[in-house]
Amino acid sequence: MSAEELLERTVDEVPPGSLERQLGEGRPLRVKLGVDPTAPDIHLGHTLALRKLREFQDAGHVAVLIIGDWTARVGDPSGRSSTRPMLAADEIEANAATYQEQVARILDTERVELRRNGEWFAGMGLEDLFGLASRATVNQLLRRNDFGDRLEREEPISVLELLYPLMQAYDSVAVAADIELGGTDQLFNLMLGREIQEAFGQPAQTAITMPILPGTDGVMRMSKSTGNYIGVSEPPEDQFGKVMRLPDEALGEWYRLLAHDAPQPSGHPGEEKRRLGRLLVDRVHGDGAGEV
């Protein structure tokens, strides 16, 4: 599969020429995606990156899925206006177990390199942590929009939060990632991963970002914290019902991001929602499940 084919759908940004150069090396590329088990459900917004990972997988590349059992303890500050509460280890472990089952609805798990970042962080001593922390500056980390905005509003930023981008970046070092996938809100973290890899003597990964899916309200980004999401493991009738309640004006974006390979909406909104609902339910529950 060519670079054009891999990038033609649901991609927001990728450095020009970088993927073409890597594909030209003629070897399977290591394509990384990290997910933090901060809640029990993976939702449809997550499936944009998971489906892109499946495309790379089907093209013969190595899908590296990192379940962030240690980054989840810190909490991703991306897009946050306040510090996340810390989760207990047993809660994270319970969520991680559900993630492995849910990603199997999208990925070929027999061909996934499944990792947990506790493999390298659990045994990291202070000397190693100091070495990692020395690779970035506070000025650099504060260039993140969310950190900068909070600093301007004189809202607290914990030292722990500053570690999160470094931890995600080090994940790329630990798995020797050639490519990292993420939403547009992850661009800072993905680009920092490039710098940290080079600091550890590795080639810099290609950062590929994907758009953010609006939630079922059609306005705010799909999020578990706001409740405007559809979980991939929800019963078919619940998923279908939520699609049917989408605002009409959200249909175009949902089709573009979730059903780009289907005819785009041109008929009555009610009928187009039914078509979309059937398609999405079939995709995660199997053919015919959408006839609810």
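Scroll up to find the structure this text is about.
Anyway, here's the lowdown on the structure attached to this text.

The rules behind each value
- Residues numbered from 1 in each chain as written.
- Predicted model: local features only at pLDDT ≥ 70, side-chain atom pairs only at ≥ 80, totals over all residues.
- Heavy atoms only, no water.
- Salt bridge = Lys/Arg side-chain N within 4 Å of Asp/Glu carboxyl O.
- Buried < 20%, exposed > 50% of the residue type's maximum accessible area, 1.4 Å probe, protein only.
- Axes fitted to C-alpha atoms, helices over the stretch in contact; angles between N-to-C directions.
- Helix = DSSP H or I, 4+ residues; strand = E, 2+ residues; numbered from the N terminus.
- Parallel < 35°, antiparallel > 145°, perpendicular 65-115°, else oblique.
- Left-handed = near helix turned anticlockwise from the far one by under 90°.
- Contact = heavy atoms within 4.5 Å.
- Nonpolar A, V, L, I, M, F, W, Y, C, P; charged D, E, K, R; others polar.
- Phe/Tyr/Trp six-rings, centres within 6.5 Å; stacked < 30°, edge-to-face > 60°.
- Expected span 1.5 Å × (residues − 1).
- Arc of directions from axis to C-beta.

Let's talk about the pattern of salt bridges
Move 1: For the structure on display, the rule yields 25 salt bridges.
Move 2: Between Arg-21 and Glu-25 there is a salt bridge whose closest N-O contact spans 3.5 Å.
Move 3: A salt bridge links Asp-146 to Arg-144; the shortest N-O distance between them is 2.8 Å.
Move 4: Classification of Asp-146 by relative accessible area gives buried; the value is 12%.
Move 5: One salt-bridge network, in which partners are shared between bridges, spans Arg-21, Glu-25, Arg-27 and Asp-178.

Re the packing of helix H10 (residues 159-175) against helix H11 (residues 187-199)
Move 1: Following both chains from N to C, one finds H10 and H11 inclined at 55°, their axes separated by 8 Å at the closest point. It follows from the interaxial angle that H10 and H11 lie oblique. The hand of the H10/H11 crossing is right-handed. On H11, the residues touching Tyr-164, Pro-165, Leu-166, Gln-168, Ala-169, Ser-172 and Val-173 of H10 are Phe-188, Asn-189, Leu-190, Leu-192, Gly-193, Ile-196 and Gln-197.
Move 2: Grouping the constituent residues of the contact of H10 with H11 by class yields 9 nonpolar, 5 polar and no charged.

Some words on the packing of aromatic side chains
Each aromatic ring pair is summarised here by two numbers: the centre-to-centre distance and the angle between the ring planes.
Move 1: As enumerated under the stated definition, the model contains 2 aromatic pairs in all.
Move 2: A centroid spacing of 6.0 Å and a plane angle of 45° characterise the contact between Phe-121 and Tyr-170, whose relative ring orientation is tilted. In this pair, Phe-121 sits in helix H6 (residues 118-121) while Tyr-170 sits in helix H10, placing the two residues 49 residues apart along the sequence. Just as Phe-121 is buried, Tyr-170 falls in that class too.
Move 3: Consider the rings of Tyr-170 and Phe-200, whose centres lie 5.5 Å apart with planes at 70°: the pair is edge-to-face.

So, helix H5 (residues 89-103)
Move 1: Its 15 residues place the ends of H5 21 Å apart at the C-alpha level, agreeing with the 21 Å of an ideal helix rising 1.5 Å per residue.
Move 2: Within H5, the full set of buried residues consists of Ile-92, Asn-95, Ala-96, Tyr-99, Gln-102 and Val-103. All buried residues of H5 project into a common sector of 120° when viewed along the axis, lining one side.
Move 3: In the core, the buried residues of H5 are packed alongside strand E1 (30-35), helix H3 (44-58), strand E2 (62-67), helix H4 (71-74) and strand E3 (112-116).

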